[in-house]
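Chain by chain, the residues run as shown.
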Amino acid sequence: MNESKKIKNSVGRNILDATCGSKMMWFDKDNPDVLFADKRTERHTLCDGRALEINPDIKMDFTDMPFDDNTFNLVVFDPPHLKSLGKKSWLALKYGYLLPTWEADLKAGFDECMRVLKPNGVLIFKWNENQIKVSKIIEVISAKPLFGHTTGRNSQTIWMTFMKM
Ligand SMILES: C[S@@+](CC[C@H](N)C(=O)[O-])C[C@H]1O[C@@H](n2cnc3c(N)ncnc32)[C@H](O)[C@@H]1O
């Protein structure tokens, strides 16, 4: 990213959600402290009739973020976790999907999250082990979380915590 294209002050928000999707995880989907980002803006009607809206504050690619180094106190990273699925399935609409370059993409995304965090800033990295084990992700990003915990019906979702030391 060209230096001049970087957003200097992140519009005054100190939390970045780098992959907000439809903001399912957020208690307050309009939290004014959060900059919601995603690579797409889309609106769909799911098979049960519910609307799915992906409407980030900023469209960006997490492998090349338009922010200065040391910008945010907290970054949330919940990238797509599925590589084998119908590209028009509701799962793909809701969560996106991994490209054939997913290993390099996730490594670049993780490195960008750490770059834009302030010193001592915290990264929350969510992963679902349905198709790819978290041990593989830890190998791909070459970094170990401080701690983490599994959640979800089948304990396949893991929330990992990193700090920019
Ligand atoms: C698992 S979903 C996020 C769900 C979200 N945390 C929620 O609470 O609803 C992953 C999101 O990452 C986005 N994404 C995929 N590749 C991306 C990229 N290179 N840059 C930015 N966002 C990306 C997808 O569009 C998708 O909305």
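Up top is the structure.
Computed from a predicted model, the values in this text were never measured in an experiment.

Moving on to the overall build of the protein. Along the backbone of the protein there are 3 helices and 9 strands. Ordered by position from N to C terminus, the α and β elements of the protein give β-β-β-β-β-β-α-α-β-α-β-β. Its C-alpha atoms give the protein a radius of gyration of 15 Å, within 12% of the compact-globule value 15 Å for 165 residues. Principal axes of the C-alpha set define a box for the protein whose edges measure 40 × 35 × 30 Å. Residues classed as buried in the protein amount to 44% of the 165 residues present. Once local pairs closer than 6 in sequence are excluded, the contacts in the protein between residues at least 24 apart make up 61%. Split by element, the accessible area of the protein, about 9,200 Å² in all, is 52% carbon and sulfur. Positive and negative side-chain charges of the protein, numbering 24 and 21 respectively, have mean locations separated by a distance of 4 Å.

Attention shifts here to the sheet that holds strand β6 (residues 72-77). Two pairing modes exist for strands in a sheet, parallel and antiparallel, and in both the strands are linked by backbone hydrogen bonds. Judged by pairing direction, the sheet is mixed, and its 7 strands sit side by side in the order β5-β2-β1-β6-β7-β9-β8 without closing on themselves. This sheet does not close on itself; its edge strands, each paired only once, are β5 (58-59) and β8 (147-151). One ladder, built from 2 bridges, connects strand β2 (residues 34-38) with β5; its direction is parallel. Residue pairing for β5: A37 is matched across the bridge by I58. On the sheet, helix α2 (residues 102-116) packs against β1 (15-17), β6, β7 (117-128) and β9 (157-163) and is oriented at approximately 150 degrees with respect to β7. Contacting β7 and β9, helix α3 (residues 134-141) runs over the sheet at an angle of about 145 degrees to β7.

Within the sequence span of α3, burial applies to V134, I137, V140 and I141. In a view along the axis of α3, the buried residues occupy a sector of 110 degrees, so they form one face of it. Across from the buried face of α3, at angles greater than 90 degrees, the exposed residues are S135 and E139. The inward-facing, buried residues of α3 abut α2, β7 and β9. At the C-terminal side of α3, S142 shows a positive phi close to 55 degrees.

Conventions used here
- Chains are numbered independently. Their residues run from 1 in the order of the written sequence.
- Selection of residues for local features in this predicted model requires a pLDDT of at least 70, selection of side-chain atom pairs for listing and counting requires 80 or more, and totals for whole chains, interfaces and linings are taken over all residues.
- The basis for every side-chain value is the complete set of non-hydrogen atoms in the structure, without hydrogens or water.
- Every helix listed is a DSSP run of H or I at least four residues long, and every strand listed is a run of E at least two residues long, numbered separately from the N terminus.
- Our radius of gyration looks at C-alpha atoms and nothing else; its globule reference is 2.2 Å times the residue count to the power 0.38.
- The buried label applies to any residue whose accessible area, calculated with a 1.4 Å probe on protein chains only, is under 20% of its type's maximum; exposed applies above 50%, and partly exposed to all values in between.
- Every residue pair with non-hydrogen atoms within 4.5 Å of one another is taken to be in contact.
- Using a 1.4 Å probe, the Shrake-Rupley method yields the accessible areas, and only the shown protein chains count as cover for residues.
- As used throughout, the charge tally considers Lys and Arg to be positive and Asp and Glu to be negative, leaving His and the chain termini uncounted.
- Where a charge lies is defined by one atom per residue type: Lys uses NZ, Arg uses CZ, Asp uses CG and Glu uses CD.
- Here a strand pair is declared whenever DSSP counts at least two bridges between the two strands.
- Geometry is summarised by axes, namely lines fitted to C-alpha atoms with helices restricted to the contacting stretch, and by angles between N-to-C directions that run from 0 to 180 degrees.
- By definition, the arc is the one covered by directions from the helix axis to the C-beta atoms.

All we've got here are geometric facts, nothing functional implied.
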